[in-house]
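Coordinates in review
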Amino acid sequence: MKPHYLLPCLGAILASCGFVVLAGSNVGANPQAASPIYGVTIPEGYRQWELVAPAEEAEPLNELRAVLGNAVAINAYREGTLPLPDGTVLAKLAWKDVQSSEFESASVPGAATTVQIMVKDSKKYATTGGWGFGRFVDGKPADEAQHQTCFACHEARVQGHDYVFTRYAP
């Protein structure tokens, strides 16, 4: 077996022994690709994750959104577990809301606007409710000023829901 084939096996072994393997952390990542403040990166394979819920954001953003979750997140949502466990990673994809040219009453995704990542690690992110945040535009992290607003918004609005806006849509 080639060494790079062992990495998924190692992750599964560590997880089965009770270790939390975090996708979206900055281990071995290019520092330019990590979010300021939190060091969160865009996890590989996130587009293959399951849908947690869709959302529509009204003006001024005017976006369609989809929140995806890794296996830890999906299992916790299905079981109704709050707070969400360490190892939970959520990815929010956002696009401009555009009227369909084929069906007048339908909205469809237009240009992509952001990918936002939340990583649950209660020790690493103890000062921000256990969550690390990353906001990315065209694959690059937004500036530090934008990242300074992440936790404040979540803390003000959804502190009683483990700082997460998204509810599971089964």
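Residues numbered from 1 in each chain as written. Predicted model: local features only at pLDDT ≥ 70, side-chain atom pairs only at ≥ 80, totals over all residues. Heavy atoms only, no water.

Overview of the sheet that holds strand β3 (residues 89-99)
Through backbone hydrogen bonds, the strands of a sheet pair up, either in parallel or in antiparallel fashion. Within the open sheet, the 6 strands sit side by side as β1-β2-β3-β4-β5-β6. Their pairing is antiparallel. In the strand order of this sheet, the two ends are held by β1 (50-57) and β6 (140-141), each with one partner. Direction of pairing for strand β4 (residues 107-120) relative to strand β5 (residues 131-137): antiparallel, over a ladder of 6 bridges. From the neighbouring strand, Lys 120 faces β5, where its bridge partner is Trp 131. With respect to the sheet, helix α2 (residues 71-79) is in contact with β1, β2 (63-69) and β3, its orientation differing from that of β1 by roughly 80°. (Pairing = 2+ DSSP bridges. Helix = DSSP H or I, 4+ residues; strand = E, 2+ residues; numbered from the N terminus. Contact = heavy atoms within 4.5 Å. Axes fitted to C-alpha atoms, helices over the stretch in contact; angles between N-to-C directions.)

Examining the packing of aromatic side chains
Aromatic rings in a pair are described by how distant their centres are and how their planes are angled relative to each other. This structure, assessed with the given rule, holds 4 aromatic pairs. An angle of 25° between the planes, with centres 5.9 Å apart, marks the rings of Tyr 77 and Tyr 168 as stacked. Residue Tyr 77 is located in helix α2, and its partner Tyr 168 is located in the segment after α4 (150-158); the two are separated by 91 residues in the primary sequence. The buried category is assigned to Tyr 77, whose relative accessible area is 10%. A network of ring pairs unites the aromatic residues Tyr 38, Tyr 125 and Phe 133 as a single cluster. (Phe/Tyr/Trp six-rings, centres within 6.5 Å; stacked < 30°, edge-to-face > 60°. Buried < 20%, exposed > 50% of the residue type's maximum accessible area, 1.4 Å probe, protein only.)

Brief notes about the side chain of His 147
Tracing the chain through its elements places His 147 in helix α3 (residues 144-148). Exposure remark for His 147: the relative accessible area of 0% places this residue in the buried category. For His 147, the side chain forms a polar contact with the main-chain oxygen of Ala 142, separated by 3.3 Å. Looking at His 147, its side chain comes within polar contact range of the main-chain oxygen of Asp 143, at 3.1 Å. Once residues within four sequence positions are removed from consideration, His 147 is found in contact with Ser 35, Pro 36, Ile 37, Tyr 38, Phe 133, Gly 134, Arg 135 and Ala 142. (Polar contact = N/O pair within 3.5 Å; in protein donor to acceptor, adjacent residues only side chain to side chain.)

Overview of the state of the cysteines
Scanning the entire structure with this criterion turns up 0 disulfides. Among the cysteines around Cys 150, which has no disulfide bond, Cys 153 carries the closest sulfur, lying 8.5 Å off. Overall, Cys 153 belongs to the partly exposed group, its relative accessible area being 31%. (Disulfide = S-S within 2.5 Å.)

Details of the confidence of the model for the protein chain
Detailed reading of predicted coordinates is not advised where the pLDDT is low. Averaged over all residues, the pLDDT of the protein chain equals 86, while 81% of them reach at least 70. Predicted confidence is poor over residues 1-29, with pLDDT under 50, and the contacts of this stretch with residues over four places away or in other chains come to 26 contacts. (pLDDT = per-residue confidence, 0-100.)

Examining the nonpolar core
Soluble, globular proteins show a tendency: their nonpolar side chains are buried together. Of all hydrophobic cores here, the largest spans 29 residues; its most connected members are Val 52, Leu 90, Ile 117, Trp 131, Phe 133 and Val 164. Among the secondary structure elements, those contributing two or more residues to this core are β1, β2, α2, β3, β4, β5 and α4. The contact partners of Trp 131, leaving out residues within four places of it in the chain, are Tyr 38, Leu 84, Thr 88, Leu 90, Met 118, Val 119, Lys 120, Tyr 125, Asp 162, Tyr 163 and Val 164. (Core = buried A, V, L, I, M, F, W, Y, C linked by side-chain atoms within 4.5 Å.)

Some points on the pattern of salt bridges
Going through the model one piece at a time under the given rule, you end up with 4 salt bridges. The salt bridge partner of Glu 50 is Arg 78, with a shortest N-O separation of 2.5 Å. With Glu 50 in strand β1 and Arg 78 in helix α2, this pair connects stretches of sequence that are 28 residues apart. Among the residues examined, Arg 78 registers a relative accessible area of 47% and is labelled partly exposed. (Salt bridge = Lys/Arg side-chain N within 4 Å of Asp/Glu carboxyl O.)

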